[in-house]
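Residue-level structure breakdown
Chain by chain, the residues run as shown.
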There are 2 protein chains.
Amino acid sequence: MTTIKEIARRANVSIGTVDRVLHNRGRVSKETKEKVRRIIEQLDYRPNIFARNLKLSKAFSFGVLMPNPSQDSKYWELPIKGITKAQNELLAHKVRITYFHYDKYSENSFKRASNAAFKANLDGLLLAPVVSEVFDKFVQEIPDHLPYIFFDSFVPNANYVSYIGQDSFQSGVLAGRLMEILVKEKATIAVIKFLPRDYHIDDRASGFLSYLGENSKISPKTYEVDSSGSIEYCQQITESIINDNQNLCGIYVTNANTHPIAECIKSKSLAGKIHIIGYDLIEENIRYLKEGVIDFLISQMSEKQGYEGVFALYKHVVLKETVNKRMRMQLDIITKENVDYYQS
Amino acid sequence: MTTIKEIARRANVSIGTVDRVLHNRGRVSKETKEKVRRIIEQLDYRPNIFARNLKLSKAFSFGVLMPNPSQDSKYWELPIKGITKAQNELLAHKVRITYFHYDKYSENSFKRASNAAFKANLDGLLLAPVVSEVFDKFVQEIPDHLPYIFFDSFVPNANYVSYIGQDSFQSGVLAGRLMEILVKEKATIAVIKFLPRDYHIDDRASGFLSYLGENSKISPKTYEVDSSGSIEYCQQITESIINDNQNLCGIYVTNANTHPIAECIKSKSLAGKIHIIGYDLIEENIRYLKEGVIDFLISQMSEKQGYEGVFALYKHVVLKETVNKRMRMQLDIITKENVDYYQS
DNA sequence: ACTTTTGTTGTGAACGTTAACGCACTTTAA
DNA sequence: TTAAAGTGCGTTAACGTTCACAACAAAAGT
């Protein structure tokens, strides 16, 4: 392995000069710079990260800006799991992580959280921009020197380092295919869109409908519900949906809020008759999956999103490696039979 | 962060003594050892890996003992992809990887490969023990000081560091469930076991049959084929299977050799009528999956197996961290709609 | 002709860990 | 009894990188 010392020797300069060239810190004459540059390229020099980090041994501080973990049926606990895992692995690398949680439904709460994040003197920020309008403005205010990575969803025109998330439309297409396999005969399907203003929701539904559009035997019917879906409320909806469609064979729920619907179907002893496809490996969903009430859950790999998010920040900020601008998460199909292998 | 220096200060000894305690290198009195141990625990000391590796800066050499990548329908190219990825990420960490390929069907070839591996002065070995009888003997001959990790399959009573692979039985169960969903009416299903002596094959078939045993509407029929399955040979088998069962609605192939069967079904224009479930994301399988001839592929996460295998070796050998004795790979369900997200 | 500034380069300490070495002392063997 | 071997500890150089600082010369300002 080539070292700075070796380069210095070949260029007849000191290691200090080589260092200045490497880091563009000026104070080197053009000719020397050129000479050193050539030798660096020629020898394909790569800095020894152990030595670099030993010397620097700076504590890096990352922030995570995301909704309260209790919201969205505790969905947000999943990425936190992954973040915690990454945090443990990076313990020796002096990475500190601070959470800035906000209430999805309160702009004030978000402002408080984001202000705190800005004041925290962070080296990097991982954020889930679930409230579109608010975040459009917010990303403009992020200081230039603070690199940030989106997970879950993203703001298109922002100057982000990377976006880690799922292709929502295609996950809807996948759900369509699965639903088609599940219901064989002519049938009506309900698509339930809780909180239709949230990211993903629309894209997932569009994907689902676009797939089934090519198929004549299934007629989907969409229901928008502007609430996070309490169990009583879901009871009402489910009943009205069942009454609406005498030939209802399946329900597609476009987010993690699948379990209350499952509970209703179960309580009406319709499990197996009305198939359910939903999202995300939260505890309650898993319970109904194992009971056979939910047929398929599509996973966003939420845990991995958190894990990869932190690692991408680490690579970008600490190791100064380049990270992919887009990390597509797999569209995992989870059933009763394989769910146990998806929980760490 | 606690350092050796700090521990030495608190214990009133030199850093040399602390180092000896940490590495059990003797030459320390019982009392001092105890005292230092207590302080180490108390402060939750963790060595700085940057400093350690900077100092050591030894080049580590790992070996990979596995079948020729061309065998099993080029299945083995998949783990190699993952190994290569890990190799690139560990470039700066001075990890060198040497392959020792063998012909699955030649014991001589295996002996040559394994001897070469033993002579190569390795720091760790990653191996896929696909030929059971031969490997039972082989693992006894591995020198004590050479740590090894199994991937794909494993030898039960060996002294391995970790085994990375899939739960074959359960993957059969999963295939059973999917098959049940695919074929609705009373139907006959063929289970094709190519190379029934290979690992996995039996377990997968058992899992499949055990699931369908609880279900009366599907009657499975097993076919054992003691060949890797040339296209002509598969033609014969497929025809005889179709002739055998007038009500054939599905075929379950227990390994990567799914594509020749798919080709036959396609050429007979039976795609969609006879459903196919198979294994592994090799190129040809993916083609038939996208064409709609294969309904589901179950992935062993072969790429990840290679990747994690190398990293587990790295963690065990280089970082001296503890690694899990068993790393279960997920049972990924792959369809036409999500396959693109499973290829890096 | 002098100080001051600017430009270019070299020097050396520090980061935390490892392990060889040396010193003083004690035990064992011939 | 005396050399050899063993025990318990401290000291120190080295790994490769970073960066503050010193050193010196040349150019610019007074």
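Structure shown above.
Basis of the calculations
- Residues numbered from 1 in each chain as written.
- Chains lettered and ligands numbered in written order.
- Predicted model: local features only at pLDDT ≥ 70, side-chain atom pairs only at ≥ 80, totals over all residues.
- Heavy atoms only, no water.
- Near = heavy atom within 4 Å.
- Polar contact = N/O pair within 3.5 Å; in protein donor to acceptor, adjacent residues only side chain to side chain.
- Helix = DSSP H or I, 4+ residues; strand = E, 2+ residues; numbered from the N terminus.
- Nonpolar A, V, L, I, M, F, W, Y, C, P; charged D, E, K, R; others polar.
- Axes fitted to C-alpha atoms, helices over the stretch in contact; angles between N-to-C directions.
- Parallel < 35°, antiparallel > 145°, perpendicular 65-115°, else oblique.
- Left-handed = near helix turned anticlockwise from the far one by under 90°.
- Contact = heavy atoms within 4.5 Å.
- 1 Å grid on protein atoms, 1.4 Å probe; cavity = no way out; pocket = protein on both sides within 12 Å on 5 of 7 lines; lining within 4 Å.
- Points joined across faces, edges and corners; volume = space filled by probe spheres on them.
- Salt bridge = Lys/Arg side-chain N within 4 Å of Asp/Glu carboxyl O.
- Buried < 20%, exposed > 50% of the residue type's maximum accessible area, 1.4 Å probe, protein only.

1. Some details on the protein's contact with DNA strand D
Inspection of the region around DNA strand D gives 26 residues, with Ile4 and Tyr45 of chain A together with Ser14, Arg27 and Ser29 of chain B positioned closest. In this structure, Arg52 of chain A approaches DNA strand D through a side-chain N or O atom, which is 2.8 Å from a phosphate oxygen. Contributing elements (two or more residues each) for the surface near DNA strand D: helix H2 (15–22) and helix H4 (49–56) of chain A together with helix H2 (15–22) and helix H4 (49–56) of chain B. Residues of the surface near DNA strand D, tallied by class, amount to ten nonpolar, nine polar and seven charged.

2. Section: the protein's contact with DNA strand C
With respect to spatial proximity, 26 residues lie near DNA strand C, and among them Ser14 and Arg27 of chain A together with Ile4, Tyr45 and Arg52 of chain B are the closest. When atoms of DNA strand C within 4 Å of the protein are sorted by moiety, sugar and phosphate together comprise 59%. The separation between a phosphate oxygen of DNA strand C and a polar side-chain atom of Thr32 of chain A is 2.8 Å. Of all the secondary-structure elements, those providing two or more residues to the surface near DNA strand C are H2 and H4 of chain A together with H2 and H4 of chain B.

3. So, the packing of helix H7 (residues 107–119) of chain A against helix H8 (residues 132–141) of chain A
Residues and elements named next belong to chain A. Where H7 contacts H8, the two axes come as close as 12 Å, and the packing angle between them is 20°. As summarised for this structure, H7 and H8 are arranged roughly parallel, according to the angle between their axes. Note that H7 runs across H8; the crossing there is right-handed. Where H7 approaches H8, its residues Glu107, Phe110, Ser114 and Phe118 are matched on the opposing element by Val134, Phe135, Lys137, Phe138 and Glu141.

4. Comments concerning the layout of surface pockets
All names here are of chain A. Of the pockets and cavities examined, the second largest pocket occupies roughly 620 Å³. In this structure, the second largest pocket is lined by 22 residues; those nearest its centre are Ile4, Tyr45, Asn48, Ala51 and Arg52. Taken together, the elements giving at least two residues each to the lining of the second largest pocket come down to helix H1 (4–11), H2 and H4. Here the lining of the second largest pocket gets four residues from one element, more than from any other, and that element is H4. Taken together, the residues of the lining of the second largest pocket break down into eleven nonpolar, four polar and seven charged.

5. A short note on the pattern of salt bridges
Applying the stated rule across the entire model yields 26 salt bridges over all chains. The salt bridge partner of Asp295 of chain A is Arg177 of chain B, with a shortest N-O separation of 3.7 Å. With Asp295 of chain A in the loop between helix H13 (283–291) and strand S10 (296–299) and Arg177 of chain B in helix H9 (residues 168–182), this residue pair bridges two chains. The class of Asp295 of chain A is buried, set by a relative accessible area of 7%. Judged by its relative accessible area of 10%, Arg177 of chain B falls in the buried class. Salt bridges linked by common partners bring Glu6, Arg9 and Arg10 of chain A together as one network.

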